[in-house]
Amino acid sequence: MMRKRKGYPVYPLTVAQKFHLFYQQMCPKKEVVNVGTSLTIEVELDWEQLAKSINEAYARSEGMRVRLAKDKEGVWYQYVTDPEEKEIEFVDFSKGTQEEAEAQMRKWTAKPFKMFDAPLTRVVMIKMPGGFNGVYFLGHHMIVDAQSLIGFLKDIIELYCSQKYEGVPAPKEMASYIEQIQKDLAYEAGSKAQLRDA
């Protein structure tokens, strides 16, 4: 039984994560679990500040720093890495068409993630045709759902705006992914909450 991975405590997968892992293994197209989207606005952006805000959002979100590992018996685990400053990709689509930009982002979404000890999200700053700018986000459904995706993008926007515009407050702290995982695992193990719901 694995207890640590690369110095980080490990946690079992939740029932929902095991379900995603099961059908991904059965599906010939592994990108079936990829969640890709873009968020743009018709305004010039400070790309340096946006990159800082993305890195800060990663530092504030344990869930976006989850990695997966498998032990010798084939049992999967998850762990959360420490925040790290990373170079955020930038792609300029402004000289092409909207259709060409969307086709490229669909290709990004169709590329499966490496499953072992690797990031399960990707953020690209994008300059789009027609004066629209923003970010493309890709996440693995093992760690990203609609709610966490919206929460993460909202955090990036609020961090950016709090630095760029006077009177805009910084966002509240993000909830702890580890604490939520521990609650989910306790529930699955037969906690009072599960017995109450039965």
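As a starting point, this report considers the structure included with it. Note on numbering: residues in each chain are counted from 1, in written sequence order. Local features in this predicted model are restricted to residues whose pLDDT is 70 or higher, and side-chain atom pairs enter the listing and the counts only when it is 80 or higher, whereas totals over whole chains, interfaces and linings include all residues. The basis for every side-chain value is the complete set of non-hydrogen atoms in the structure, without hydrogens or water.

A short note on the sheet that holds strand β9 (residues 133–140)
Our working rule: Being paired, for any two strands, means DSSP has found at least two bridges between them. Numbered from the N terminus, helices here are DSSP runs of H or I no shorter than four residues, and strands are runs of E no shorter than two. Here, axes are lines fitted to C-alpha atoms. For helices the fit covers the stretch in contact, and angles between N-to-C directions go from 0 to 180 degrees. Note on contacts: a residue pair qualifies if any of its non-hydrogen atoms lie within 4.5 Å across the two residues.
As summarised here, the arrangement of the four strands in space is β4-β9-β8-β7, forming an open sheet in which the pairing is mixed. Each edge of the open sheet is held by one strand with a lone partner, namely β4 (34–41) and β7 (89–92). Put simply, the sheet's adjacent strands are angled 20 degrees from each other on average, direction ignored. By the bridge criterion, eight bridges tie β4 to β9 in an arrangement that is antiparallel. Bridged to V35 within β9 is G139. Packed onto the sheet, helix α2 (residues 47–60) meets β7, β8 (121–127) and β9 and runs at close to 165 degrees relative to β8.

Some thoughts on helix α5 (residues 177–188)
As a reminder of what qualifies: Expected helix span is given by 1.5 Å per residue-to-residue step, counting one fewer step than there are residues. Only protein chains enter the accessibility calculation, which uses a 1.4 Å probe; a residue whose area is less than 20% of its type maximum is buried, one above 50% is exposed, and one in between is partly exposed. Each direction from the helix axis to a C-beta atom contributes to the arc, which is the arc of those directions. Here a polar contact means two N or O atoms within 3.5 Å. Within protein one must be a hydrogen donor candidate and the other an acceptor candidate, and residues neighboring in sequence count only if both atoms are side-chain atoms.
With twelve residues, α5 extends 16 Å between its outermost C-alpha atoms, agreeing within 8% with the 16 Å of an ideal straight helix rising 1.5 Å per residue. Every buried residue of α5 is accounted for by Y177, I181 and L185. Projected down its long axis, α5 carries its buried residues within an arc of 70 degrees, all on one side. If you follow the buried residues of α5, they end up packed against β3 (11–12), α1 (15–26), β5 (66–70) and β6 (76–80). Its side-chain oxygen at 3.4 Å from the backbone nitrogen of I178, S176 defines the N-terminal cap of α5.

Quick word on the nonpolar core
Short version of the rule: Here, nonpolar core refers to any group of buried Ala, Val, Leu, Ile, Met, Phe, Trp, Tyr and Cys residues whose side-chain atoms link them within 4.5 Å.
If you look at the biggest cluster of nonpolar residues, it comprises 45 residues, and the most contacted ones within it are L50, I54, M105, I126, F137 and F152. If you list the elements that add at least two residues to this core, you get α2, β5, β6, α3 (98–109), β8, β9, α4 (146–164) and α5. Ranked by residues supplied to this core, first place goes to α4 with seven residues. Apart from residues no more than four positions distant in its own chain, L50 is found in contact with L45, M125, G134, V135, I156 and Y160. Among the nonpolar cores identified, the runner-up in size contains six residues, and M2, Y8, V10 and A69 belong to it.

A closer look at the sheet that holds β3
Reading across the sheet, the three strands line up as β3-β6-β5 and stay open at both edges, with antiparallel pairing between neighbours. Sheet topology places β3 and β5 at the edges, where each strand pairs with a single neighbour. Two strands pair when backbone bridges link them, and β3 and β6 are joined in this way by two bridges, in the antiparallel orientation. Bridged to P12 within β6 is Y77.

Describing the packing of aromatic side chains
Note the cut-off: Here a Phe, Tyr or Trp ring, Trp counted by its six-membered ring, pairs with any other such ring whose centre lies within 6.5 Å, and the pair is stacked when the planes are under 30 degrees apart, edge-to-face when over 60, and tilted otherwise.
Counted by the stated rule, this structure contains eight aromatic pairs. With a centroid separation of 5.9 Å and an interplanar angle of 15 degrees, the aromatic rings of Y8 and Y79 are classed as stacked. With a gap of 71 residues between them, Y8 in strand β2 (residues 8–9) and Y79 in strand β6 connect regions that are remote in the sequence. Across the pair, exposure class does not vary: Y8 and Y79 are buried alike. On the numbers, 5.8 Å between centres and 45 degrees between planes, the contact of F93 with W108 is tilted. Of this pair, F93 sits in the loop between β7 and α3 while W108 sits in helix α3, and the two are 15 residues apart along the sequence. We note that F93, like W108, is buried.

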